[in-house]
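What the coordinates show
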Amino acid sequence: MSRRVGALLGFAAAAVLLSACGEGSALSPKGPNARDIAGLWWLMFWLGLAVYVFVVALLLVVLRRRGKAEAPVEATPGEGRALIWGAGVGMTTVVIIVLVLVSYSVGGRIYDRRGTGGLQVEVIGYKFWWEVRYVDRPGAITANEIHIPTGRPVDLILTSRDVIHSFWVPELGGKLDLVPGVRHALRIQADRSGEFRGQCAEYCGVQHANMLLLVVAQPPDEFDSWLDRQAQPRQPPTSPLTQRGEEVFVRTPCGACHRVRGTTATADVGPDLTHFATRRTLGAGVRPNTRGHLGGWISDPQAIKPGNLMPPTKLAPDELLALLAYMESLT
Ligand code: CUA
């Protein structure tokens with residue numbers, strides 16, 4: 001292998017490593033659990049690198065010796081035994097023991113952090129979206145966007161209504177499965193405000209890769225007013241257009257699957273839409289929440305996210321416009 005190829009490989013490895021440390025990555029931790037996990041990852045990385053460098057160095061020494069010698073070179077029996085027991089068995093055992101102890105202690109710390117005293121948030125997995133319920137504030141139900149106050153522990157209670165999903169927000173902590181009929185606890189905490197992307201991490205069906213979520217960490221007072229708002233029923237429509245939109249919502253299939261608190265639409269098949277307009281995305285992260293995308297989503301959600309459970313809704317153009325105006329008024 002020429003030096004140039006070696007340099008190229010080294011450069012590529014460094015580039016991959018740098019990009020892996022960027023925003024959104026588990027190597028860019030923003031909370032206690034994520035920091036512990038990233039620390040463990042780096043320990044594994046440096047140990048693995050040390051072992052690799054050691055093995056390659058040994059190989060080079062042998063090759064050089066062979067290159068110089070005129071006759072085949074055999075290691076003396078003593079040399080071979082020292083290498084096998086010292087490097088082969090001894091070093092491997094030490095590396096494995098160190099990794100087991102450290103990962104056991106990291107796992108223990110993460111496990112111990114679950115508990116009471118934090119903000120309780122129930123996260124329920126559906127194909128292919130997330131329901132979010134604030135346990136201490138009945139009525140505060142949202143979807144695909146978990147708001148949390150900065151600097152305060154948040155105890156997520158994870159469960160599922162259909163198949164097994166897995167909650168993973170790399171910058172805030174590790175993965176944990178959402179299993180039907182079981183409640184798992186996971187504590188997350190964000191040191192600073194920001195938006196942290198998450199992803200379902202257990203294959204759950206055709207739209208698994210598009211089962212996205214967003215954690216929005218806000219200063220505590222901002223979070224409190226957001227939560228107060230989310231716990232309220234919808235503001236009644238204030239214009240003839242939004243009034244008409246609400247009628248359309250309640251009368252058409254929208255109201256048969258979704259809930260808008262304060263109206264007669266109380267179904268819970270799809271996400272609660274009471275404060276839909278406050279959300280950043282629709283379809284669990286597949287599109288930004290804009291009027292154009294929403295119109296496309298209502299008309300034919302299967303074109304945007306094939307295999308999701310929402311059927312197309314055929315509306316007259318004026319009905320669709322009224323419905324869009326109404327959805328945008330749900331702040
Ligand atoms: Cu839900 Cu994968």
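Fair warning: this is a prediction, and the values are worked out from it, not measured in the lab.

Scoring rules and cut-offs
- Residues numbered from 1 in each chain as written.
- Predicted model: local features only at pLDDT ≥ 70, side-chain atom pairs only at ≥ 80, totals over all residues.
- Heavy atoms only, no water.
- Core = buried A, V, L, I, M, F, W, Y, C linked by side-chain atoms within 4.5 Å.
- Buried < 20%, exposed > 50% of the residue type's maximum accessible area, 1.4 Å probe, protein only.
- Helix = DSSP H or I, 4+ residues; strand = E, 2+ residues; numbered from the N terminus.
- Contact = heavy atoms within 4.5 Å.
- Disulfide = S-S within 2.5 Å.
- Domains from an automatic or database assignment.
- Buried area = accessible area lost by both parts, 1.4 Å probe.
- Salt bridge = Lys/Arg side-chain N within 4 Å of Asp/Glu carboxyl O.
- Polar contact = N/O pair within 3.5 Å; in protein donor to acceptor, adjacent residues only side chain to side chain.
- Pairing = 2+ DSSP bridges.
- Axes fitted to C-alpha atoms, helices over the stretch in contact; angles between N-to-C directions.
- Phe/Tyr/Trp six-rings, centres within 6.5 Å; stacked < 30°, edge-to-face > 60°.

Before going further, it helps to examine the nonpolar core. Within the largest apolar cluster, 30 residues are counted, with the highest numbers of intra-cluster contacts made by Val-121, Val-123, Tyr-134, Ile-146, Ile-148 and Phe-167. Counting only elements with at least two residues in this core, the list comes to strand E1 (119-126), strand E2 (129-134), strand E4 (145-149), strand E5 (154-160), strand E8 (184-188), strand E9 (194-200), strand E10 (212-218) and helix H4 (220-231). Filtering out sequence-adjacent residues up to four positions away, Phe-167 remains in contact with Val-123, Trp-130, Ile-146, Leu-156, Leu-158, Gly-174, Lys-175, Leu-176, Leu-178, Leu-186, Gln-199 and Leu-213. Counting residues in hydrophobic clusters, the runner-up holds 19 residues, among them Val-248, Ala-265, Leu-320 and Leu-323.

Using the criterion set out here, one finds zero disulfides in the structure. Here Cys-257 is not disulfide-linked; the sulfur of Cys-254 is the nearest cysteine sulfur, at 8.9 Å. According to the relative accessible area criterion, Cys-257 is partly exposed, its value standing at 27%.

Turning to the domain arrangement of the protein, a few remarks are in order. For the protein, the domain assignment lists domain 1 (31-112), domain 2 (119-230) and domain 3 (240-329). The straight-line distance from the C-alpha centre of domain 1 to that of domain 2 is 38 Å. Contacts between the two partners involve six residues from domain 1, matched on the other side by eight residues from domain 2. Surface buried jointly by domain 1 and domain 2 totals about 500 Å² across both partners, of which 50% is contributed by carbon and sulfur atoms. It is Gly-31, Asn-33 and Ala-34 that lose the most area in domain 1 upon contact with domain 2, and together they represent 58% of the buried surface on that side. In this structure, the connection of domain 1 to domain 2 is made through one salt bridge. Here Asp-191 ties to Arg-35 by a salt bridge, and the two come within 2.7 Å at their closest N and O atoms. Taken together, the links from domain 1 to domain 2 amount to two residue pairs in polar contact (both at pLDDT 80 or more).

Our next topic: the sheet that holds E1. The strand order across the open sheet formed by five strands is E3-E2-E1-E5-E8, and the pairing between neighbours is mixed. At either margin of the open sheet sits one strand with a lone partner, and together these are strand E3 (141-143) and E8. For this sheet, the mean inter-axis angle between neighbouring strands, taken without regard to orientation, is 25 degrees.

Our focus in this paragraph is the packing of aromatic side chains. A full pass over the atoms with the stated rule returns 11 aromatic pairs. Centroid distance Tyr-126 to Trp-129: 4.2 Å. Interplanar angle 10 degrees. Geometry classified as stacked. Looking at Tyr-126, the relative accessible area reads 8%, which means it is buried. Every member of this aromatic cluster is reached through a ring pair, and the members are Trp-41, Trp-42, Phe-45 and Trp-46.

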